[in-house]
Amino acid sequence: MLVHRPDGVMGYTHSHRCWVGIAPVHGVETHQRWDAVRQVGGRAELRLADERALVRGDVATLVPPRDVHNHGHVPGSGPSPYSLILLGDDMLLFDREEYDPEQGTWHALAPGDPGRDNR
C-alpha cells in the first residue's frame, strides 16, 4: 500500500505480527523501532531501539517479534513522505498491539482492528 503522512504526523506505535518492509518514494520518513515488554494490566516497558530518517532508496524491514515500530514525518526533516508498505501477510488476521511510549502503556488490537491511524 502507498501511505502518506501529513507534515509533522507520526503513526501510533504498533506491531504487525508479520514481516514488513517500508520504503519512502518521496520525502523523508522517520522510522522508529521499539523494544517492548508488555505487562499485565496494560503497562509496557518501551525503549527506542533504532531511529532512522529514510529517503528514497532506503528500506526499513521488521520481523516479529521485533516488529514494534512507528513511522511518519518529523517537522524540519524535509518534505512529508509517501511510503510503500509491503506486508508479508494480511496483518488484520492477527492479534496485534498498539503502544503509547509516552505513557508506557499498550492495548490489544483484535483481528480486523487496524488501530488508530495517526498520533
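Residues numbered from 1 in each chain as written. Predicted model: local features only at pLDDT ≥ 70, side-chain atom pairs only at ≥ 80, totals over all residues. Heavy atoms only, no water.

Asker: I'm lost on unusual backbone geometry in this one. Help?
Answerer: Keep in mind that most residues, glycine aside, have a negative phi and that most peptide bonds are trans. Across the junction of proline 64 and proline 65, the peptide omega takes the value 5 degrees, indicating a cis bond. With respect to the helices, strands and loops of the structure, proline 65 is situated in the loop between β6 (60-62) and β7 (69-72). You will see that arginine 17, though not glycine, has its phi angle at about 70 degrees, which is positive. In this fold, arginine 17 is placed in the loop between β2 (13-14) and β3 (20-26). (Helix = DSSP H or I, 4+ residues; strand = E, 2+ residues; numbered from the N terminus.)

Asker: What am I meant to see in the nonpolar core here?
Answerer: Generally speaking, a soluble globular protein has its nonpolar side chains buried in company with each other. Ranked by size, the top nonpolar core spans five residues in total: Val3, Val20, Ile22, Leu62 and Ile85. Residues within four places of valine 20 in sequence aside, it is in contact with Ala60, Thr61, Leu62, His69, Ile85, Leu86 and Leu87. (Core = buried A, V, L, I, M, F, W, Y, C linked by side-chain atoms within 4.5 Å. Buried < 20%, exposed > 50% of the residue type's maximum accessible area, 1.4 Å probe, protein only. Contact = heavy atoms within 4.5 Å.)

Asker: How should I be thinking about the packing of aromatic side chains in this particular structure?
Answerer: How two aromatic rings sit relative to each other is set out by the distance from centre to centre and by the angle between their planes. Counted under the stated rule, the structure contains zero aromatic pairs. Positioned over the ring face of tyrosine 12 is arginine 116, at 3.9 Å from the centre of the ring. (Phe/Tyr/Trp six-rings, centres within 6.5 Å; stacked < 30°, edge-to-face > 60°. Lys NZ or Arg CZ within 6 Å of the ring centre and 35° of its normal.)

Asker: Sorry if this is basic, but what is going on with the pairing of β3 here?
Answerer: Looking along a regular strand, one sees the side chains alternate between the two faces of the sheet. As judged from the three bridges shared by β3 and β6, these two strands associate in the antiparallel manner. By the bridge assignment for β6, glycine 21 is matched with threonine 61. Of the pairings in the sheet, the one linking β3 to strand β8 (residues 82-87) comprises six bridges and is antiparallel in character. The partner of alanine 23 across the bridge, within β8, is leucine 84. (Pairing = 2+ DSSP bridges.)

Asker: I'm lost on the pattern of salt bridges in this one. Help?
Answerer: Where charged atoms from two side chains of opposite charge come close, those side chains can pair. Tallying each qualifying case throughout the model produces six salt bridges. In this structure, glutamate 97 engages arginine 17 in a salt bridge whose closest nitrogen and oxygen atoms are separated by 2.4 Å. On the criterion of sequence distance, the pair formed by glutamate 97 in strand β9 (residues 96-100) and arginine 17 in the loop between β2 and β3 is long-range, its members being 80 residues apart. The buried category is assigned to glutamate 97, whose relative accessible area is 4%. By relative accessible area, arginine 17 is classed as partly exposed at 36%. Across the salt bridge formed by arginine 38 and glutamate 97, the nearest N and O atoms sit 3.7 Å from each other. (Salt bridge = Lys/Arg side-chain N within 4 Å of Asp/Glu carboxyl O.)

Don't take any of this as a statement about function, it's just geometry.
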